[in-house]
Amino acid sequence: MRFEVNGMPVETFPAAGQSLRSLLRDQEHFEVKKGCDAGDCGACSVLVDGVPMHSCIYPAARIEGRRVTTADGLATIGATATDPGTAGRGEAGHLHPVQQAFVDGAAFQCGFCTPGMVVTASTFTEGQLSGEAHGDLPRLMKGNLCRCTGYRAIGDALCGRTNVERPLAGTSIGKSVPAPAGERIVRGVEPFTLDLATPGLLHLSVLGSPHPHAGIRSIDTAAACALPGVHAVLTHLDSPDVLFSTGRHQNRTDDPDDTRVLDTVARFRGQRVAAVVADTLAIAEAACRLIAVDYEQLPANFDPELATAPGSPLLHGEKGAESGLADPAANLVAELHGEMGDVAAALTAGHAVVRGTWRTQRVTHVALETHATRGWFDELGRIVLRTSSQVPYLVRDELCHIFGLHRSQLRVITARVGGGFGGKQELLTEDIVLLAMQKTGRPVQYEFSRADEFTIAPTRHPMRIRVAVAADAEGALTAIDVDVLADTGAYGNHGPGVMFHGCNESLSIYRCANKRVDARSVYTNNLPSGAFRGYGLGQIIFAVESAMDELARELGIDPFEFHRRNVIVPGDPMVVTDPDEESDLLYGSYGLDQCLDLAEAALARGNGVQPPAGDSWRVGTGMGVAMIATLPPRGHFADVTLSVDASGTYSVGVGTADFGSGTTTAHTQLLASAMNTRVERIAMRQSDTDIVAHDTGAFGSAGTVVAGKAILVAASALRARLLEGAAVLVGAGGAAELSERGVAVGDRLVTFAELFAPTAASEWTATGSDDGSPRSVAFNVHAFRVAVDTATGEVRILQSIQAADAGVVINPEQLRGQVEGGTAQAIGTALYEEMRLDGEGRVLNPEIRNYHLPQFADVPHTEVYFADTVDAHGPIGAKSMSEAPYNPVAPALANAVRDAIGLRPVELPMSRDRVWRMLHG
C-alpha cells in the first residue's frame, strides 16, 4: 500500500484492523500521540488530504493513495513557505503559523495534546477565528481535549494574542519566558515516554481478575505459552515475595507495604493475576485469554462505612506490623484522632452552630499520556527503564528494594511526561516490565490503555466528611469538629498521607481554641485510590468551607468578613489539634489578606457574562479559601550539577521531571538571572538517575522550590569561581562582573574561551542541593458568580475569580496557566466528573466520552490575581503553586449555588440531575 506522509512516499502493509495512528507510529512518526484510541481526545489528530481526522479510529486500510500531514509536517509547510527547497521533516525555526501562535501564546503545559491541537487548528479560516473573544472556538475545538491549561491560552493563541516575551540577559525573573521545548512540542517531536524506536521490543499484556476478591488456587499457562510469538507467561510463582507500596514518597515507610508484583489474592476487579510477554501486543492479549485460572471467590465489601464493622471481609488481615497498617484486622490503613480544648462544650455553648455531612466522589486524573514503561539493557548490561513517572529516583530505589538490585544496576529515565496530577507518583508499570526483562532478557514495553486508566489506575480518594462548627455572637469561631472517612480502595498507597494532609491545612488555617479531628482511611474492594492534585485538601476543604459559609449565613456576616475575623495571621500557631506539635512549617510570607481583598473587589466589579434570560434562573455568589504547605513534610531533596563551556552555554543536570507544571522554564529563569545570561544559553538535562545523585520528585508542588533553590546554590558557587578565575587571569583585583560573554574585570573582558584555555573544563562546574526545609505556606481564595436554572438544575458560571499568594512570580503567564488549569480541573470535579461504580467494584464509565472531561465550552474565563509577597524560604521569594489552585474551587462554587437557590449542596459533583433533585425532590 502506498501513501504520503508529510510529502514523503511511504510503502507498507498494515495489519488487519490496524488504525492509522499505530501505522504512523510504526513508521516512527511519534508526533502522533495516543491519548484514548477511541476518538475522544484528539491527541492523535492528523490531516488526511487536508481534512482533520482522529487517526486512532481511521482504518489504516483506507489510507491508500492519500496524503497524511502530521504536526511535524505542518512545520514542513512552514519551512517551505520561506525555503521552497526544504523537504521532509520540518526544521527548528520553521513553524506553521498556528504552531508559532501556540509558542507565542504559551498555549500548552505538558504539551501531549498540542500536536493534535495544532493540526486541527491549522484548518481554521480567518473568518472562523474573528468576531467576539474566541469566536466559534468551543465548537471548532470540541474534538480536542486538554487536561492542563484550562483552554484560555489556547484560545489566545488561535486569536493571535502573544503572551510570552524574550528578555535580555539577567532580566528573566518576572517575565513570561516561553518554554524551552516550545518549538519541539508544537511540532510533536519533543519525545514523551514511548516516542523512540527500540529494536527487538517485546510487548506485555496483563490478565486482570474478573472478581473483586478472590484467592488463586491454580493457574494453567500451557496454552498461552504454546501460542506462537509468546516469550514468557508470568504468574505469582515468578514474583519476588516482597511487599511494597505503589505510592512513592521520600520516606518509603510513609506508605503501607501491602502490594506484590503478582499476588495469590486479587482484591479488586482488574488486579494483575498474570502477564504475557510476546512479539506483539495482539499476541500477548490473545495469550492472556488462553490462561486458565481457578479462583476461590471471597467475600467482598464496597462500602467504606462497613469496612471496620465486625465481620466485614478483611482485605489484608494477614499482614503484620512490618506492613505499617494501623489495624489490618479492622481494614484500617491509617487513623488520626486528636482534640484541643473541649469541643463538645464549645458546640453546646455556641451562639451559632452548623452541622452537616458532605461527600466527594471518585475522580480519575485523565492525564492524556497513559502510564507506560519501556525497558532495555544498555551496553554494560544494566537495566534501563524509560517511564512516565513523576518520581524516577523513587521508582529506582523501590525497584532495587523489590528485586534485590544495587542502584548501579538500574537506570530510570523520565522523558517529558504527558500530565501527572499525582497519578504518576505511583509505581504501576515499572515493576512488571523489570520482571519480564529478567525473564526474557529482551526489551519489554507495558502501556496502559485508556480503559486501564479508568479501571486499575488509582483515583482520587472518595470521602465522607462530617463537620460541626460554632461561633460566638461576634462571629469568632469557638469550635471545629471534623470526622473523615476515606475509601482507599483495595490497597493503601497514599492512604495515610492523603488522610493526614487533608486534615492539616484545611483546619490549621483557622484560629480556634477548640478543635477535634477523627479520621480513618479504610480498605474496600473498590479499585485503589492514590495521590491527586491537592492530596486530600480538596475533599476536606469542600466540607469545611461549606460549613463556614453556612455559619457566616447563620450569623448574618459577609463570608469575606467572616474569614478575615477567623483565619490565622502571622504570629498565630498553625494548629490542627496539638498546640505543642513541632513543625518546620513557617510563615515565609503572608498574602491571605491581600487574596481576600483582591477576590472581593473583583466580585464587586461584576465582570463576566450576564445571566441567561428567563424567570427560572437564580443568581448567587460564593467564595472559599485554602492554605497549603509549599512542600511535603519530612524532607524533599534535590541535587543539581552545573557547568559552563567555552561558548558561555550552561549545562544543568536536575532530577526533577517536567509534566506540565513548568519547572524546566522556571529553572532556566532562575539560573539565567543568577548567571546574568539569557535562557537560550541554558541546556537542561533532567529526570535521569544517571544525571545527579538524587531528586525526590515532582510532587507536592516541590519542583520549582526545591530544585530551584539547589540551582541557585550551584549557581552561586560557580559564579564565585568564574569571577575569581577571571581576576587571577587578568592579575588584577577589584570588581568583577559576570555577563553572557564572560567576566568583566575593570576594563578587560575575559571571555569564557579564555577562561577555559589554561584550565581543565571540569574546574568550571559546581553542585548544589536543598533538603526542602523549612517550609512555607501559600494561600488561595476563589470566588464565583453563578446562575442556576431551577427548571433543569443547570449551573452556569458567570464570573470566576482566583487570587493566589505565590510569593515572587517567576513567570506570570506560566503561573496564570497553573491557576487556570487547576481551576478547570476543579470545576470538572465540582460539576461534571464522576467515576460510576455498580456497587460490586465495576467501573461503569471507563472511557472519556462517558466521563465528561471538561471541554473548551465547559471552562469559563477565570480572572487571576497575585498577592504581592516575598517568601523568605523560596527561591528568590517564590512559592509553589501547582496544587494549590484546585483546593478552594469546589466549595466556592457550592457556596455560590447555595446563595442562588437557598439549598446547600453536600455532594459532588453538583451535576444537573443532582441540583434538580435538590430543587424538586
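The structure displayed is predicted, hence computed values, not measured ones.

Focus: the pairing of strand β31 (residues 862–866)
When strand β30 (residues 795–805) meets β31, the two strands line up parallel, connected through 5 bridges. Pairing of glutamine 802 across the sheet is with valine 864, part of β31. Of the crossover connections in this fold, the one passing from β30 over helix α22 (residues 812–832) to the parallel β31 is right-handed.

Overview of the sheet that holds strand β15 (residues 383–387)
Pairing is mixed in the open sheet, where 7 strands are placed in the order β8-β10-β6-β17-β14-β15-β16. In the strand order of this sheet, the two ends are held by β8 (230–234) and β16 (410–413), each with one partner. Strand after strand, the sheet turns through a mean of 20 degrees between neighbouring axes, direction not considered. Pairing geometry for strand β6 (residues 202–208) and strand β17 (residues 444–447), over 2 bridges, is parallel. Bridge pairing links histidine 203 to glutamine 445 in β17. Contacts between helix α10 (residues 281–288) and the sheet are confined to β6, β8 and β10 (272–278), with β6 contributing the most and set at about 30 degrees to the helix. Across the sheet, helix α12 (residues 392–403) touches β15 and β16, and the angle it forms with β16 is around 150 degrees.

Some points on the packing of α22 against helix α23 (residues 889–901)
Where α22 meets α23, the axes come as close as 8 Å, and the angle between the chain directions of the two elements is 50 degrees. Judged by the angle between their axes, α22 and α23 are oblique. The crossing of α22 and α23 is right-handed. Residues Thr823, Ala826, Ile827, Ala830 and Leu831 of α22 touch α23, and the partners they reach there are Val889, Ala890 and Leu893.

Some details on empty space enclosed by the protein
Tallied over the entire structure, the rule returns 9 cavities of 30 Å³ or more. Roughly 310 Å³ of internal volume is contained in the largest cavity. What lines the largest cavity is a set of 22 residues, among which Thr246, Thr259, Phe268, Gln271 and Arg272 lie closest to the centre. In terms of lining, the second largest cavity is formed by 21 residues, of which the most central are Ala106, Phe108, Gln109, Ala179 and Gln814. Ranked by residues supplied to the lining of the second largest cavity, first place goes to α22 with 4 residues. Partitioning the lining of the second largest cavity into residue classes produces 7 nonpolar, 10 polar and 4 charged.

Overview of unusual backbone geometry
Of the consecutive residues serine 773 and proline 774, the connecting peptide bond is found in the cis state with omega at 0 degrees. By the element assignment, proline 774 lies in the loop between β28 (765–770) and β29 (777–789). Proline 909 follows leucine 908 through a cis peptide bond whose omega is 0 degrees. Looking at the element boundaries, proline 909 is found in the loop between α23 and α24 (912–920). In this structure, glutamate 28 is a non-glycine residue whose phi angle is positive, near 65 degrees. In this structure, glutamate 28 sits in the loop between α1 (20–26) and β3 (45–48). Given the relative accessible area of 44%, glutamate 28 is considered partly exposed. Unusually for a residue other than glycine, tyrosine 151 sits at a positive phi of about 75 degrees. Relative to the elements of secondary structure, tyrosine 151 occurs in the loop between α6 (137–140) and α7 (152–158). Residue tyrosine 151 is classed as buried on the basis of its relative accessible area, which comes to 3%.

Details of the packing of aromatic side chains
Per the counting criterion, the structure on display carries 9 aromatic pairs. Between tyrosine 151 and phenylalanine 856, the aromatic rings sit 5.3 Å apart at their centres with planes inclined by 40 degrees, giving tilted as the arrangement. Residue tyrosine 151 is found in the loop between α6 and α7, and its partner phenylalanine 856 is found in the loop between α22 and β31; the two are separated by 705 residues along the sequence. Under the relative-accessibility criterion, phenylalanine 856 is labelled buried at 6%. On the numbers, 6.2 Å between centres and 85 degrees between planes, the contact of tyrosine 650 with phenylalanine 752 is edge-to-face. In this pair, tyrosine 650 sits in strand β23 (residues 650–654) while phenylalanine 752 sits in helix α21 (residues 752–756), placing the two residues 102 residues apart along the sequence. Like tyrosine 650, the residue phenylalanine 752 is buried in the burial classification. The ring of phenylalanine 532 carries the charged tip of arginine 460 above its face, separated from the ring centre by 3.9 Å.

Thresholds applied
Positions within a chain are numbered from 1, following the residues in the order the chain's sequence is written. pLDDT decides what is reported in this predicted model: residues at 70 or higher carry local features, side-chain atom pairs at 80 or more are listed and counted, and totals for whole chains, interfaces and linings draw on all residues regardless. Each side-chain value is worked out from all heavy atoms of the structure, with water and hydrogens disregarded. Paired strands are those between which DSSP finds at least two bridges. Secondary structure follows DSSP: runs of H or I at least 4 residues long count as helices, runs of E at least 2 residues long count as strands, and numbering of each begins at the N terminus. With the strands aimed away from the viewer, a crossover counts as right-handed if its path from the first strand over the helix to the second runs clockwise. For helices, the fitted line uses only the C-alpha atoms of the stretch in contact; every axis is such a line through C-alpha atoms, and the angle between N-to-C directions lies from 0 to 180 degrees. In this description, contact between two residues means that some pair of their heavy atoms is separated by no more than 4.5 Å. Here the angle decides the label: under 35 degrees means roughly parallel, over 145 means roughly antiparallel, 65 to 115 means roughly perpendicular, and every other value means oblique. Crossings are classed by handedness, with left-handed meaning an anticlockwise turn of the near helix from the far one by less than a right angle and right-handed meaning a clockwise turn. Cavities and pockets are found on a 1 Å grid laid over the protein atoms alone: a cavity is a set of points where a 1.4 Å probe fits but cannot escape, a pocket is an open set with protein on both sides within 12 Å along at least five of seven lines, and a lining residue has an atom within 4 Å of such a point. Grid points are joined across faces, edges and corners, and a volume is the space filled by probe spheres set on the points. Residues were grouped as follows: Ala, Val, Leu, Ile, Met, Phe, Trp, Tyr, Cys and Pro as nonpolar; Asp, Glu, Lys and Arg as charged; and all remaining residues, including Gly, as polar. Relative accessibility decides the category of a residue: with a 1.4 Å probe and only protein chains considered, values under 20% of the type maximum give buried, values over 50% give exposed, and everything between is partly exposed. Geometry of aromatic contacts follows a simple scheme: Phe, Tyr and Trp rings, the Trp one being its six-membered ring, pair when their centres are within 6.5 Å, and the pair is stacked under 30 degrees between planes, edge-to-face over 60, tilted otherwise. For a Lys NZ or an Arg CZ to count as sitting over a ring, it must be within 6 Å of the ring centre and within 35 degrees of the ring normal.

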